[in-house]
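# An overview of the molecular structure
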Amino acid sequence: MRTATLHAFNWKYQDIIDSLPAIREAGYGAILIPPPLYSDPDGDAWWQRYQPKDYRVLLSHLGGKPELEALIAACHGGSPAIRVYADLVINHMANESRPDRLNFPGEAEMERYRQNPEKFEENRLYGDLSEGLFSPWDFNQAGEIEGHEWGDRIAVQYQNLSGLPDLKENDWVLEQQHKAVTALMDMGFDGFRVDAIKHITERMIDNLADRPDARKKFWFGEVLTGSDHDERVFLHPFLQESWIAAYDFPLFTTIREAFGFGGSLKLLVDPGAYGNALPWHRAVTFVVTHDIPHNDGFRYNILNPQDEHLAYAYVLGRDGGVPLIYSDHKESEQDGDRWLDAYKRPDIAAMIQFHNAVHGGEMVMLYESDMLLIFRRGDRGIVAINKGSSSQWAEFSTWGLKNPGTYKDLIHGYEMTLSGDRFTLFVPPRTAQMWLS
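First, a word on what this report is: a plain description of the structure on this page. (Residues numbered from 1 in each chain as written. Predicted model: local features only at pLDDT ≥ 70, side-chain atom pairs only at ≥ 80, totals over all residues. Heavy atoms only, no water.)

### Structural notes on the sheet that holds strand S4 (residues 54-60)
Judged by pairing direction, the sheet is antiparallel, and its three strands sit side by side in the order S3-S4-S5 without closing on themselves. Sheet topology places strand S3 (37-38) and strand S5 (63-64) at the edges, where each strand pairs with a single neighbour. Judged from the two bridges that link them, S3 and S4 form a sheet pairing that is antiparallel. Directly across from leucine 37, in S4, lies its bridge partner leucine 58. (Pairing = 2+ DSSP bridges. Helix = DSSP H or I, 4+ residues; strand = E, 2+ residues; numbered from the N terminus.)

Quick look at the structure:
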C-alpha cells in the first residue's frame, strides 16, 4: 500500500494537477493540499492560507472550488488513485485590521459577495452567503497567549494565538464546523490535517472527527511539542482524548538527538519502547514540516542537509507511521531552493519505492552501533545508515533474508549478492543504503 504523503505546501491546485504524473511515478499514495477555506485571493504569502475569512467559501490565491473538484477527480481517477487530504484551520479566523474585526466574513466581504454573486456561488461550499457567519459572541475574549502561558493547556486552548481571533466551542461554531467538514467530505476529500490542534478543545475535535462518516477518513493533528513538558501537557492528553493520528514529534526529537553531535543511532533501534515515538497506527512521521523553516522559534530543528537525507532513509525505511514529505516553492527566503521540488528528488523517490515494496514487512535489527544502523524489512529489504565520517564494515546474520539473493541499492544503483549464514556489508561515510531483492 502506498502510504507516503506529499505535503504540497502552498502549491496552486492547478500545479498539483499538472504534477500528478510525476507524483504517481514517485510512488506517493496521498497529497496534503494547503488550507482551502476562503482567504485573501490576492494574498500570495503562505500564511494567508492559515487566516480563513469564511467556512462557506473555497477560494484563495491558490484556486477555488472548481479547481479543487478537478484536483480530486484527477487524483481519484488516475491509476493508481491518490488520496487527497485537506488542511483544516478551525481554531481561529483571520487577524484583520477593520472596525468589525470579530464579524466574519465582515461587511466589506459581504459587499463583495453581493457585487459578485456568480463568482461566490461558484465557490460556495455550503450555507447562505447573504448572511454573516460569526459575530463577536462566537470568540473567546481571554486575551493573548503570552510568556509562561504557552506551557498552560487551558491558556493555549482558550486564548488568542498570535492575535488570531480564537473561536469558542459554542453550539453555533460547532454546527458550522460540522457542516463545513461534511461538505468537504461530500466533495470527496479522503482525510484532514487539523492545524494548531493543541489549541482546540476535545469537544471541538470530537465534533469534527468522532462520527461514523468521519471515522472512515484519515485524520491527523499538529500537536507541536519541543520538550517533555509539552508532551506531558499537550500530546499525551490529546492521544488519550481522541482517536486520530498526530505528527510524531517524539520520534523527530529522537532523530535529531541521534544524528546530532555526540548522539547515537542506537536511539533509533526501538524508540517506541521508551516512549520516544508514537504508536505505529497514530503516527505521522516527518523530517521537516512547514512550521520548522517558517517560524523563527522552530528553525533550530532544521537538520543538516545530509542528516536530513539520512533521516529520510530511516523514516521511509522503518516500519510504522505515515511518512509526510515536505515540498515547497521556495517560500522560505532563508533556505532558498532547499525544498523546491523535493518530492521528486531521486533519493527520496528511491526511498519511497523501497517503502512501498516492503510495506507491512517485519522490521528486525541486524547491526547497531553509535554510528551505524542496519535493519531488514521482511525477507527482501535491508536498510543501512552510517552517520559517521568514516567508512564502516558490519557483519550480520542473514537469517530471515532471501538467501542466496541479488539485492539492489535503490539510492545508488549498486548491486550485491547475499549468501551464507553471515554477511559483511561496507557502508561509506555519511551515506544511507536501501537494498531491495
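Having seen the model, we can carry on.
### Quick notes on the packing of helix H6 (residues 171-187) against helix H7 (residues 202-209)
Where H6 meets H7, the axes come as close as 9 Å, and the angle between the chain directions of the two elements is 35 degrees. For the crossing formed where H6 meets H7, the hand is right-handed. Facing H6, whose interface residues are Asp171, Val173, Leu174, Gln177, His178 and Val181, H7 presents Arg203, Met204, Asn207 and Leu208. (Axes fitted to C-alpha atoms, helices over the stretch in contact; angles between N-to-C directions. Left-handed = near helix turned anticlockwise from the far one by under 90°. Contact = heavy atoms within 4.5 Å.)

### Comments concerning the packing of aromatic side chains
Describing an aromatic ring pair means giving the distance of the ring centres and the angle of the ring planes. If you walk through the whole model with that rule in mind, you get 25 aromatic pairs. Their ring planes at 40 degrees and their centres at 4.8 Å tell us that phenylalanine 192 and tryptophan 219 sit as a pair that is tilted. Linking phenylalanine 192 in strand S7 (residues 191-194) with tryptophan 219 in strand S8 (residues 218-221), this pair joins segments that are 27 residues apart in sequence. Here phenylalanine 192 falls in the buried class, since its relative accessible area comes to 0%. (Phe/Tyr/Trp six-rings, centres within 6.5 Å; stacked < 30°, edge-to-face > 60°. Buried < 20%, exposed > 50% of the residue type's maximum accessible area, 1.4 Å probe, protein only.)

### Some details on the sheet that holds strand S13 (residues 372-377)
Strand order across the open sheet formed by six strands is S12-S13-S14-S19-S16-S17, with antiparallel pairing between neighbours. Looking along the sheet, the strands with just one partner apiece sit at the ends: strand S12 (363-368) and strand S17 (415-418). Neighbour-to-neighbour, the strand axes of the sheet open up by a mean angle of 25 degrees, direction not taken into account. Relative to S17, strand S16 (residues 405-409) runs antiparallel, the two sharing four bridges. Pairing of threonine 406 across the sheet is with threonine 417, part of S17. Contacts between helix H12 (residues 305-317) and the sheet are confined to S13, strand S14 (381-386) and strand S19 (431-436), with S19 contributing the most and set at about 30 degrees to the helix.

### So, the packing of H12 against helix H13 (residues 346-358)
Following both chains from N to C, one finds H12 and H13 inclined at 15 degrees, their axes separated by 9 Å at the closest point. Considering the angle they form, H12 stands roughly parallel to H13. When you trace H12 past H13, the crossing you get is right-handed. Taking contact as the criterion, the partners of His309, Tyr312, Ala313, Leu316 and Gly317 in H12 are, on H13, Asp347, Ile348, Met351, Ile352, Phe354 and His355. (Parallel < 35°, antiparallel > 145°, perpendicular 65-115°, else oblique.)

### Regarding the nonpolar core
A general trend in soluble globular proteins is that nonpolar side chains are found buried together. Judged by nonpolar contacts, the single largest core of 119 residues is most densely connected at Ile23, Tyr28, Tyr55, Phe189 and Trp219. The dominant element in this core, judged by the number of residues it contributes, is H6, at eight residues. The residues touching phenylalanine 189, leaving out its near neighbours within four places in the chain, are Ile33, Leu68, Ile72, Val84, Tyr85, Ala86, Leu184 and Lys217. Ranked by size, the runner-up nonpolar core spans 15 residues in total, among them Ile374, Phe396, Tyr407 and Leu418. (Core = buried A, V, L, I, M, F, W, Y, C linked by side-chain atoms within 4.5 Å.)

### Digging into the environment of glycine 188
Along the polypeptide, glycine 188 turns up in the loop between H6 and S7. In this structure, the C-alpha to C-alpha distance between glycine 188 and glycine 360, residues 172 residues apart in sequence, is 27 Å. Those residues in contact with glycine 188, other than ones at most four positions away along the chain, are Ile72 and His76.

### Details of helix H1 (residues 13-26)
An α-helical turn contains 3.6 residues, so any two residues separated by three or four positions project in the same direction. Under the 1.5 Å per step criterion, the end-to-end length of H1 is 19 Å for 14 residues, consistent within 8% with the ideal 20 Å. By the largest-angle criterion, serine 19 marks the main kink of H1, which is about 55 degrees, and a proline, proline 21, follows within four residues. Within H1, the full set of buried residues consists of Tyr13, Ile16, Ser19, Leu20, Ile23, Arg24 and Ala26. Buried positions along H1 lie against strand S1 (5-8), strand S2 (30-33), S4, S5, helix H2 (65-77) and H13. (Expected span 1.5 Å × (residues − 1). Bend = angle between axes of the 7 residues up to and from the residue.)

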